[in-house]
Structure formats: C-alpha cells, structure tokens
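# Fold and geometry: a report
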2 protein chains.
Amino acid sequence: MTLQQLETFCLVVEQKSFGRAAECLYMAQSSVSQQIAALERHYGVALFTRIGRHFTVTPEGRVLYEIAKGILVTLNAIPARMKAVDNPDKGRLRIGASSTVSTYLLPSLLRRFKDRYPYVDLTVKTDYGYKIIDAIREGDIDLALVGHNLNWLADPSLRSRAVARDQLSLIVWPGHEWCGRKLIEPRDLLHGYVFIHSRPDSGMRSVVDKFLLQENLVFDAVLEMANHESIKLAVEEKIGIALISSVAIRHEMATGRLAEVPLNRLNTIDRRFLLVSRADEELNAAEKAFVALVENDAALQ
Amino acid sequence: MTLQQLETFCLVVEQKSFGRAAECLYMAQSSVSQQIAALERHYGVALFTRIGRHFTVTPEGRVLYEIAKGILVTLNAIPARMKAVDNPDKGRLRIGASSTVSTYLLPSLLRRFKDRYPYVDLTVKTDYGYKIIDAIREGDIDLALVGHNLNWLADPSLRSRAVARDQLSLIVWPGHEWCGRKLIEPRDLLHGYVFIHSRPDSGMRSVVDKFLLQENLVFDAVLEMANHESIKLAVEEKIGIALISSVAIRHEMATGRLAEVPLNRLNTIDRRFLLVSRADEELNAAEKAFVALVENDAALQ
DNA sequence: TAAAAATACTCCATAGGTATTTTAT
DNA sequence: ATAAAATACCTATGGAGTATTTTTA
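So, a few notes on the structure that sits alongside this text. Worth saying up front: this structure is predicted, and the values here are computed from it rather than measured. (Residues numbered from 1 in each chain as written. Chains lettered and ligands numbered in written order. Predicted model: local features only at pLDDT ≥ 70, side-chain atom pairs only at ≥ 80, totals over all residues.)

### Thoughts on the relation of the copies chain B and chain A
Superposing chain B onto chain A takes a rotation of 180° combined with a translation of 0.0 Å along the rotation axis, leaving an RMSD of 0.2 Å. The transformation just described matches what one would write down for a two-fold rotation axis. When the interface residues of chain B are mapped onto chain A, 100% of them again fall at the interface, so both copies present the same face. (Least-squares fit on C-alpha atoms with pLDDT ≥ 70 in both. Contact = placed C-beta atoms within 7 Å.)

Now the structure itself:
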C-alpha cells in the first residue's frame, strides 16, 4: 500500500468520481481504478459499493478515509514542523527533573526561560532521578536536570554535562553552640547530636554517606526523613543536625531560620548537577537555549 | 516520499544503524542509504549527522521520526478498525439531534441502545436542525434525528427516512372550559385566548403556522416563547393556549398538569421525524442497529 | 446512446540489488 | 585492517498510459 493510493482514494471519496479524481491528480482514469483496486485487494474489503456507474462509500471505506485524510494532513505539516525546530521561540522543550532540582532550581530557571521564549511548548516531569533518566532513554523527555550519578556519566547512550556544583552544607539551629565557630572538625559531629539523614535511595544520601565513610563517622543516634523539607524542619526543632544540599537551604539562610557551620574537608565532596540528553539525538533550538540559560546561571556556578 | 521510506527511516533511528535496519527489512544496505538520501533530498534537510561511521539524529530527524512512527502505528491499526465496523458491539455511532428530539425522544432511545450495545463509542450533538444537517454534510456526525423538512428530503446528497409521526396537540390548562369537549373547531381558538408561539426559526413553528394559515386564523394576542418548556409553563399559568408537539407533553399529560383538547382537522397536519444520513456513505453496524431501534420503537409509531 | 468505470496490454521510470569506493576507527 | 555507509551501475518490477470493453441511466 502506498501514500499515492491513499491520496487517490481520499480524492475519489471527496470528488465522488473516479474520473474527476484522476483529473485533479493529472493522471489517467484507469490509473485511479487500478489504485483503488489495489487498495481493496490489500485490505480484502470493498471500499466502494458500485451501483451501476454510481457508487457509495462502504463503512470500511469511511474508516480508511478518515485515517488516510489525517495522515495526509499530518504529512503536509511536516516541513513547517521541521522549520520550527531551529526557532527557539516556537519549538518544544520537554524537561525532566529530580525532586530536589524541581523544588529548588527549576522555578527560577523556568520563569526566566518563559520570559524569553513565551511560545515554547514546555512540559516538565518530576520524578526520582533514575526514572527521569529512563524517560530520556525512552524518548519521552528530551532534557534532564538531575543530581550527579556515575552510572549515567558512563552510559554511552547518554550525553551528560555537569552544570553546577551542589555544595553540601552542615546545618544547625540558630543559637547552636557551633554558630560563629571558625571551623568544625568532622569528629565533633559525633558529640551527642542526632544526625538526620535523607532517604537511602536518594541521590543526596549516597553523597552524604560517602563523606561519613571517608571521615569514619558512625553516629549513635540517626534519624531518617523523607525529604529536604522534613530535614530542615527537624533541625529547626533542634532535633538534630544534618548535611544537606546548599541549594535547598537558601531561603532558610536568608531568613535566619537555620544556620550553616563550616565543616572541615566537606568541600572535598564535590557533587554536581547534570544536564542529560540522548547521545544519538541532537538538541533543538529551544533545548539549546535552555542549556545555555542553565550554564550561564550565576546562581548555579 | 513513500511509506517504505518512512518505515526504513524509523528503523534506522531505532536500530541506530543503516546495516541493521537493512537486515530487519531483508534488503540491501545500499537501498537503505538510498531511501534515507531520498528523504533528505525531499525535505531539503539532513535527518542524520554523519560522524565518521557513526551518526546522530538531527532535530529535524526527531520531528520526522515521531510523526512517521505515529503514521505507521495508525496504518497498522486499520485492519482492526475495519473489522470493528460490522460489529455493532464495538463500532462508533455519532448522532445529531434537534433540541426537541434531544429532550423528548433521545433519552429513552439512548438508554435502550446503551443497554444492548454498551461498548459502542457513542457521541450526541444537539443543535438546531439545520446545523445538525450541516454537520451530516461535513461528515462530523453520521446520523441525524430531526424534524421533517422538505429541503432535506429533496437533497440528493442526503438519505432520509421518516421514522415517526409527530402529532400536534392543542393544550390548555386543567379545568379549562374546553376540557371534556368532544371536538373544538379551529375558529373557536380566536375567542379571547392568547396564542403561545415557539421561536420563528424553529421547525415546529413552521408547522403550526401552516395550520393557522390553512384555517385562516389570525390571533389578536400572540406570545412567543423560546422553547417547549416555557410554552408549557405559560399554559399551566393560564396565560394562553398553544399547539405543541405531542412528544413534548407526555409527562404533563400523565401528571395532569396540562390538558389536551381534540381540535378538528389538526390531524391533517402531518409532521414526521426524519433519520438523515449521507447518501454517499453506507451505515455501519452500530448505525444500522440504532436505525432499527428507532424504527421499531412503539412509542414513536 | 452517452457517460463512467473496469480491463487488457504496453512501456518506461525507478526501486532495489551487486559491486565497489570512501571513510574513520 | 576492518567495519560501516556512500556511490556507481544494472536489472526488473510495477505503476501509469492508451485503447478498448462493459455497464447502466
């Protein structure tokens, strides 16, 4: 079955005549007959009921007509859609983000992006990092902004660029004895404080664990909370102390609800956010514009 | 551009290799190269960026891939959709109806239809009769149930079948002096009563006007209401009398809120409901089942 | 009898194959 | 050196045309 046949068939339906369809297509009437016959052979059904030199469309023909017409219209729209891809003002941008990114980084990025390119068809998916990366692999989204992960960096089917350093911060409540101290030593963390952890399968947890292992720190009292907001609240309530993404505490630092304390060697832990896309697909103009925005974002340097 | 080319292109994208795509299609690698080259020539853009013996998909290629994939999936679904048309349990039924029909006839018809064929994809459009017929002509709906109209019966592009006689009824309020009278003469209508009309562009109005003209009746006092419900309320409130579709007063007759009075020669006015479809398209199984239901409906005889 | 579609038959354009070249790893 | 895609060239299938037949209004 060919597109030519579908086009001819649609025209026959619309013109209600083989001959007129042939004229429209600048071809012989016999060719139209042959194409319709070929379609009917292909599907094994009559598309028209011939009544003398007259015909009606069968229900099967109606089905084919509606589908074929839609396909032809879609095909005609392809050149326009192709032109749109190198225009960041008209293109499409499907972003995926881990919940940390989605909560603390995306809002300002998306606001600025929408200001500059208000007509971009923009969708955002928020999920666990590994699910976002799966969606990238499936082609359901085109660009992911997630926490660093060696598995993804090593995957040749993905293209990753590190865009921002995510510092860890040691946070305590305001008025804590460490506030104002020049430098806390890691072993000081063990002196009687509850340590508040994030979920074991979160990207941040592995980074924190890495630091604790490196410093040989084992806590007597540990608390595990579901998300950043719970951790911050627990610290505020003087339940314990925590290591947390710097980006997640900007607001609390500004309002003085939490305090950050300098911890020795914490800066040896270098976590980064990654912009991930498929290695076998190139970025369109809208996606490139978003990458440029992220890379030039002073707040993320 | 051919469907073959689109299929080959999709396979190259999925397999990330011209050679493997050729294997899947049981054809030579050179043919795949030629088909891709033809597509690129046709659209005047590169679909792949060749990097040595490696390649990536361009943004234009991504656009084409998504569209082409959708088309191929749609095409594959055609045989199943064709089989569904001669199965009233799985087909599609798009009905249009004038507001009278929609209010007083359709509810019971649709309930019974849905009982028998619960999986039919059923949509109903309600509008003025002429707009429903326009939708039939456009192919937006497949079957219309509307009031009689000579223009539509004469149109060769439409197929109409009269399915039910819509009687006119003379209605008055209960306790009116005419209640119980054997037969009212048309000229009696003029004796001091307000006559309540429907909208001038409604199908029923032209029927009522025809009768009034035939009987040479010209009222001193006339009231015009937007719809059947308003007319019935006005009669109930003893504001006036009216000629109205019998189907529209079934409920009020049953509950005694209105009274019908026999009017001489009113039965000479013969209005019918029409089932209208396109003359150049045959009914599918679901549509035939609905037609059968309407034709066998005792309430509509 | 005229108008429209189907059929028979011919021809050539082009899609696909084979063989080879190019290119990058 | 090898693996993969592009290119050149050839062949044959099938699509379009011409001419004719069939059908019914």
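### Side note on the pairing of strand S10 (residues 241–245) of chain B
Residue and element names in this part refer to chain B. Most of S10 is tucked away, with five of its five residues classed as buried. In this sheet, S10 lies alongside strand S8 (residues 195–197) in parallel orientation, the contact comprising two bridges. Bridging from a neighbouring strand, Phe 195 pairs with Ile 241 of S10. (Buried ≥ 20, exposed ≤ 12 C-beta atoms within 10 Å, placed from the backbone. Helix = DSSP H or I, 4+ residues; strand = E, 2+ residues; numbered from the N terminus. Pairing = 2+ DSSP bridges.)

### Details of the protein's contact with DNA strand D
Surrounding DNA strand D, one finds 23 residues, the nearest of these being Met 27 and Gly 52 of chain A together with Gly 19, Ser 30 and Ser 33 of chain B. Of all the secondary structure elements, the ones that give two or more residues to the surface near DNA strand D are helix H3 (29–43) of chain A together with helix H2 (18–24) and helix H3 (29–43) of chain B. At six residues, the largest contribution of residues to the surface near DNA strand D is made by H3 of chain B. Classifying every residue of the surface near DNA strand D gives seven nonpolar, 13 polar and three charged. (Near = placed C-beta within 6 Å. Nonpolar A, V, L, I, M, F, W, Y, C, P; charged D, E, K, R; others polar.)

### Here's the deal with the packing of helix H4 (residues 59–84) of chain A against helix H4 (residues 59–84) of chain B
Interaxial distance between H4 of chain A and H4 of chain B falls to 10 Å at its minimum, and their mutual angle equals 180°. Relative to H4 of chain B, the element H4 of chain A is oriented roughly antiparallel. Note on element contacts: H4 of chain B touches H4 of chain A through Glu 60, Val 63, Leu 64, Ile 67, Ile 71, Thr 74, Ile 78, Arg 81 and Met 82 of chain B, opposite Glu 60, Val 63, Leu 64, Ile 67, Ile 71, Thr 74, Ile 78, Arg 81 and Met 82 of chain A. Among the residues forming the contact of H4 of chain A with H4 of chain B, the class breakdown is twelve nonpolar, two polar and four charged. (Axes fitted to C-alpha atoms, helices over the stretch in contact; angles between N-to-C directions. Parallel < 35°, antiparallel > 145°, perpendicular 65-115°, else oblique.)

### Observations regarding the protein's contact with DNA strand C
Taken together, 20 residues surround DNA strand C, and among them Gly 19, Ser 30 and Ser 33 of chain A together with Ser 30 and Gly 52 of chain B come closest. Looking at the surface near DNA strand C, the elements that each hand over two or more residues are helix H2 (18–24) and H3 of chain A together with H3 of chain B.

### Overview of the sheet that holds strand S8 (residues 195–197) of chain A
Residue and element names in this part refer to chain A. Within the open sheet, the five strands sit side by side as S9-S8-S10-S7-S11. Their pairing is mixed. Both edges of this open sheet fall to strand S9 (222–224) and strand S11 (259–261), since each of them pairs with a single strand only. Pairwise comparison of adjacent strand axes, ignoring direction, gives a mean angle of 40° for this sheet. Of the pairings in the sheet, the one linking strand S7 (residues 168–172) to S11 comprises three bridges and is antiparallel in character. By the bridge assignment for S11, Ile 171 is matched with Glu 260. The strands touched by helix H10 (residues 228–236) are S7, S8, S9 and strand S10 (241–245); relative to S10, the strand with the most contacts, the crossing angle is about 145°.

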